[in-house]
Each structure stands twice: as C-alpha cells, then as structure tokens.
Amino acid sequence: MAEPVLTLRDLAVSFPGAAAPAVRSVSLTLGRERLAIVGESGSGKSVTARALMNLLPPTARVSAGEMRLGSTDLLKLDGRGWRSVRGARMGLVLQDPKFSLNPALTVGNQVGETLLLHGKLSRSERRERVLAALGDVGLPEPGRLYDSHPAELSGGMGQRVMIAAMIVAEPELLIADEATSALDREVGDQVLGLLTRMAEERGMALLTISHDLAGVDRFADRVVVMRNGAIVDELAASAISRAAHPYTRGLWEARPSAATHGRRLPVVAADAAS
Ligand SMILES: Nc1ncnc2c1ncn2[C@@H]1O[C@H](COP(=O)(O)OP(=O)(O)OP(=O)(O)O)[C@@H](O)[C@H]1O
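Only a predicted model underlies this, so the values are computations on that prediction, with no experimental measurement involved.

Undergrad: So what exactly am I meant to see when it comes to the overall build of the protein here?
TA: Looking only at helices and strands, the protein features 10 helices and 11 strands. A globule of 274 residues ought to have a C-alpha radius of gyration of about 19 Å, and the protein, at 19 Å, matches this closely. Expressed along its principal axes, the backbone C-alpha trace of the protein runs to roughly 60 × 45 × 40 Å. Within the protein, buried positions represent 50% of all 274 residues. Look at the contacts in the protein between residues 6 or more apart in sequence, and 68% of them connect residues 24 or more apart. Total accessible area on the protein is roughly 12,700 Å²; 51% of this is exposed by carbon and sulfur atoms. Averaging the positions of the 32 positive and the 31 negative side-chain charges in the protein gives two centres separated by 4 Å.

This is the structure in structure tokens:
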C-alpha cells in the first residue's frame, strides 16, 4: 500500500480551565483521497485541523502518538521546520477570506508569498506560477487581478484567491475548514467543486471540515464524525443518508435544509447518541 499522506494517532488537545479536553484520542489516516470531518459545533473539528498545522495557541496542551505528513515526523519539527511544511506541503483554507487575506498585500504578492518563502524561483517565474494558479481556480483576468487588493474582491473571489495561495506551491494535503460557510450556496458549491477538482488533478489529499452533511458526498469520499472531541463514527460519504450509528443518523436527520444553509448544526439530543 502507498504511504499515507497523513497519519495521525491519538491526538489529544486540552485548554487550561476547560472542564473536558477539546480533542481526545483522535486517529486519522489519509491517502490521496477526500475526507470530511463533520460534527456539531464545539466537537473538536477545527482544533484537530489547527493541531495538524501546529497553529493552536500556545496555551493549548497538545499530545499525539504519531503525526506524519508522508514520511515527515511533524512531532519533531521546530519553528523553522513548520515554516517549511506549512503552505508548501500542507495548506489551510479558512472560512472567511476577509480574515485570511492580508488587506495590505496585492493579490499577486499574497499568492506568491509561499513561493517566496519556500522556493528558489526568480521573480518572473514566481509571477508565472501565481498567474497560472489564479487561472486554475477560475479567476478571470489573472493579469489584472495580480495587482489588485483584497478589498476589491467579492467573497467568492477572495476565497478563490485564498485557494490559489494554498495550491500554488502544490501541497500534498489541503485542509478546508468551513471554507465555504461564509459564501452563498451557489458560490460555496463552486468553491467545493474547485477544491475537489484541484485534489483530483494534482493528486492532493483533501481534508474538509464541514457541518454540511447534506452535500458531503459531493466533496468527500469518506466521512469521520466527531462528538465531544472524539471520533464516534466513520463511513463512506455515499452511505451518510443510511448511517447505522444512531448519532450520525441524528446528525443526518437534523441536517440544515437549503433554507437554513450556513447555520450551525443544532445540538443533537443526548439520547440520540450511543
Ligand atoms: N483557543 C481556545 N481556547 C480555549 N478553548 C478553545 C479554543 N479553541 C477551541 N476551544 C474549545 O475547544 C472545543 C472544540 O472547538 P472546535 O473549534 O474544534 O469545534 P468545532 O467542532 O470546530 O466547532 P465549529 O463547528 O463551531 O467550528 C470547544 O469547546 C471550544 O470552545
């Protein structure tokens, strides 16, 4: 079997003063495939994603039995090691481009930043790569966009710029944490379609964190369900509508309809869970 892109074993995260750990004993193995982590608000999805990128605040107590990207032992990386992995080998697309994009930088500089940090490319080679990435994510007129600022972009365009910045260095793993929940449904669907296409075309693993159970089979092959910091179920995305696990079934039944798209999942009654 090919070496997994990501191996995570027994991740635990706790925050000082919290009554319970935010994440308990989470293990995941991810090949060149699309995996979704779903679960109610507060179940530990984002904390898991941030732990994988070493982006938790310093107050977080993090431990793991194993955490690897390909053959790289992420637990052994120092600050410099992380800077060479983040962006170049694993990217994180967050919810809202308003907060993720630096308003002071042009689109070209923003998308090219990863290449500048990690590559030995000339200025003109960088520009070519950035223009290609902007075109790949379906943005019109990359040449004109290159010199524009984030404030001139719509939410959907901003999110595409974010994705271009995350794929420009051709990472092995892309993590999308509620990457479309700030967008309207149509634009959100386009962005998810784009992430899926990028993953397929570039052989990238895609880890999507979502509360959108209804559409999960469109952007994931496999689904992991989290509750109270732990994984409680794992199944094929195509099987989500007929999940056997009572908690997953409860989540499916409580899934937001098209009319409530974008809202958080309601809390499932405790007796729906095992
Ligand atoms: N910086 C922090 N300091 C203290 N507690 C935190 C911090 N970040 C997250 N938590 C806690 O960790 C738990 C898991 O949060 P997390 O953000 O991973 O949930 P989530 O499943 O991603 O929810 P959502 O769908 O709302 O994003 C929550 O109880 C949250 O309050």
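On we go from here.
Undergrad: When you look at the nonpolar core in this model, what are you seeing that I'm missing?
TA: If you look at soluble globular proteins, the nonpolar side chains tend to sit buried side by side. Membership of the largest hydrophobic core comes to 51 residues, with the highest contact counts inside it found for Val-111, Leu-134, Val-161, Ile-163, Leu-174, Val-216 and Val-223. Top element by residues in this core is helix 7 (residues 155-167). It accounts for 7 residues. When sequence neighbours within four positions are dropped, the list of residues in contact with Ile-163 reads Val-93, Val-137, Val-191, Leu-194 and Leu-195. Ranked by size, the runner-up nonpolar core spans 33 residues in total, among them Leu-8, Leu-28, Ala-51 and Met-53.

Undergrad: Explain helix 5 (residues 123-136) to me, please; I cannot follow it from the model alone.
TA: Note that an α-helix has 3.6 residues per turn; residues three or four places apart therefore point the same way. Taking 1.5 Å per residue as the helical rise, helix 5 with its 14 residues ought to reach 20 Å, and the 20 Å between its terminal C-alpha atoms agrees with that figure. Listed as buried for helix 5 are Arg-126, Val-130, Leu-131, Ala-133 and Leu-134. For helix 5, the arc enclosing every buried residue in end-on projection is 160 degrees, short of the 170-degree limit, so these residues lie on one face. Relative to its buried face, helix 5 has exposed residues pointing more than 90 degrees away, namely Ser-124 and Glu-128. Just beyond helix 5, the residue with positive phi is Gly-138, at close to 80 degrees.

Conventions we followed
- Residues numbered from 1 in each chain as written.
- Predicted model: local features only at pLDDT ≥ 70, side-chain atom pairs only at ≥ 80, totals over all residues.
- Heavy atoms only, no water.
- Helix = DSSP H or I, 4+ residues; strand = E, 2+ residues; numbered from the N terminus.
- Rg over C-alpha atoms; globule rule 2.2 N^0.38 Å.
- Buried < 20%, exposed > 50% of the residue type's maximum accessible area, 1.4 Å probe, protein only.
- Contact = heavy atoms within 4.5 Å.
- Areas by Shrake-Rupley, 256 points an atom, 1.4 Å probe, with all protein chains shown as cover.
- Lys, Arg positive; Asp, Glu negative; His and termini not counted.
- Charge placed at Lys NZ, Arg CZ, Asp CG, Glu CD.
- Core = buried A, V, L, I, M, F, W, Y, C linked by side-chain atoms within 4.5 Å.
- Expected span 1.5 Å × (residues − 1).
- Arc of directions from axis to C-beta.

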